[in-house]
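As a plain string of letters, each chain reads:
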Amino acid sequence: KIIDGKAIAAKIREEIAAGVVVLKGKGVTPGLAVVLVGDDPASQVYVRMKEQACEKAGIFSDEHKLSAETSEAQLLALIDELNRDPRIDGILVQLPLPKQIDESKILEAISPKKDVDGFHPYNVGRLVTGNPLFQPCTPYGVMKMIEHTGIDLTGKEVVVVGRSNIVGKPVALMCLAQHATVTICHSRTKDLAAQVAKADVLIAAVGRAEMIKGDW
């Protein structure tokens, strides 16, 4: 049975839009700043989708599209400005960034209270300790899909294939918080097929289509 991610997303967006109406009734308009550096086609599509989602939900969207030659200092100055901007509640810096910019330095410059991607070390630390503030979006979406199946993860064997900071590690921590027994697999895992076979729940977070074989 295929999980209908689009239907789940539509329901969540409706709930968010209703919440925004309540906030606006109190004189508050939520604001999201999205920063795109360079002209990566996939990133451009992703940013456009975020803008459209904000528009539909009634959220103020503040886009900053910078050239691929933007310096690290220029980007840090923009983030400092957005951190101090009272209209902005959340800041998303689209990854990857051009090679002249230190990604970790940029993510650490975002205020943890506006770090809606959940990549700041403060938010990562809160996720590890089981008291999250903001959680990374993709793993959070995975958990929402599992939740909609009605499956209780307590005591289940969960196998996560992939150990990235953006998906694999955080989704493993989220499953652990729901009392699952979690195994993280990666490129150096011995006998991946055997690890996959023992799973009650398998999360493929490796970024490569059809890596998991049907007979596993």
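Preceding block: the structure.
Below is a summary of the structure that appears in this document. Since the model is a prediction, treat every value here as computed from it, not as a measurement.

## Remarks on the overall build of the protein
- Each helix and strand counted, the protein has eight helices and six strands in total.
- Traced from its N-terminal end to its C-terminal end, the protein shows the element sequence α-β-α-β-α-β-α-α-α-β-α-β-α-β.
- Taken against the 2.2 N^0.38 rule, which gives 17 Å for 216 residues, the C-alpha radius of gyration of the protein at 19 Å falls within 12% of a compact globule.
- Its C-alpha atoms put the protein at 50 × 45 × 35 Å along the principal axes.
- Burial status across the protein gives 35% buried among its 216 residues.
- Excluding contacts between residues fewer than 6 apart, the proportion of contacts in the protein whose partners are at least 24 apart in sequence is 66%.
- In the form shown here, the protein has an accessible surface area of approximately 12800 Å², with 55% of it arising from carbon and sulfur atoms.
- In the protein, 26 positive and 27 negative side-chain charges are present, and the distance between their average locations comes to 3 Å.

## Let's talk about the nonpolar core
- Core analysis: the biggest nonpolar cluster contains 17 residues, and Val-35, Leu-75, Leu-82, Val-93, Leu-97 and Ile-106 have the highest contact counts within it.
- Put simply, the parts of the chain that give this core at least two residues each are strand E1 (31-37), helix H3 (72-84), strand E3 (90-93) and helix H4 (103-109).
- The biggest single contributor to this core is H3, with four residues.
- Sequence-distant contacts of Ile-106, defined by excluding residues within four places in its chain, comprise Glu-72, Leu-75, Leu-76, Ile-79, Val-93, Leu-97 and Ile-101.
- Counting residues in each nonpolar core, the second largest holds 16 residues, with Val-142, Ile-146, Leu-153 and Met-174 among its members.

## Remarks on the sheet that holds E3
- Spatial ordering of the open sheet is given by E2-E1-E3, a layout of three strands whose pairing is parallel. Of all strands in the sheet, those bounded by a partner on one side alone are strand E2 (60-66) and E3. Between one strand axis and the next, the sheet turns by 15 degrees as a mean value, whatever way the strands run.
- Judged from the four bridges that link them, E1 and E3 form a sheet pairing that is parallel. Looking at E3, one finds that Leu-32 is bridged to Gly-90.
- Against the sheet, helix H2 (residues 41-57) touches E1, E2 and E3, its axis set at about 170 degrees to E1.

Conventions and cut-offs
- Residues numbered from 1 in each chain as written.
- Predicted model: local features only at pLDDT ≥ 70, side-chain atom pairs only at ≥ 80, totals over all residues.
- Heavy atoms only, no water.
- Helix = DSSP H or I, 4+ residues; strand = E, 2+ residues; numbered from the N terminus.
- Rg over C-alpha atoms; globule rule 2.2 N^0.38 Å.
- Buried < 20%, exposed > 50% of the residue type's maximum accessible area, 1.4 Å probe, protein only.
- Contact = heavy atoms within 4.5 Å.
- Areas by Shrake-Rupley, 256 points an atom, 1.4 Å probe, with all protein chains shown as cover.
- Lys, Arg positive; Asp, Glu negative; His and termini not counted.
- Charge placed at Lys NZ, Arg CZ, Asp CG, Glu CD.
- Core = buried A, V, L, I, M, F, W, Y, C linked by side-chain atoms within 4.5 Å.
- Pairing = 2+ DSSP bridges.
- Axes fitted to C-alpha atoms, helices over the stretch in contact; angles between N-to-C directions.

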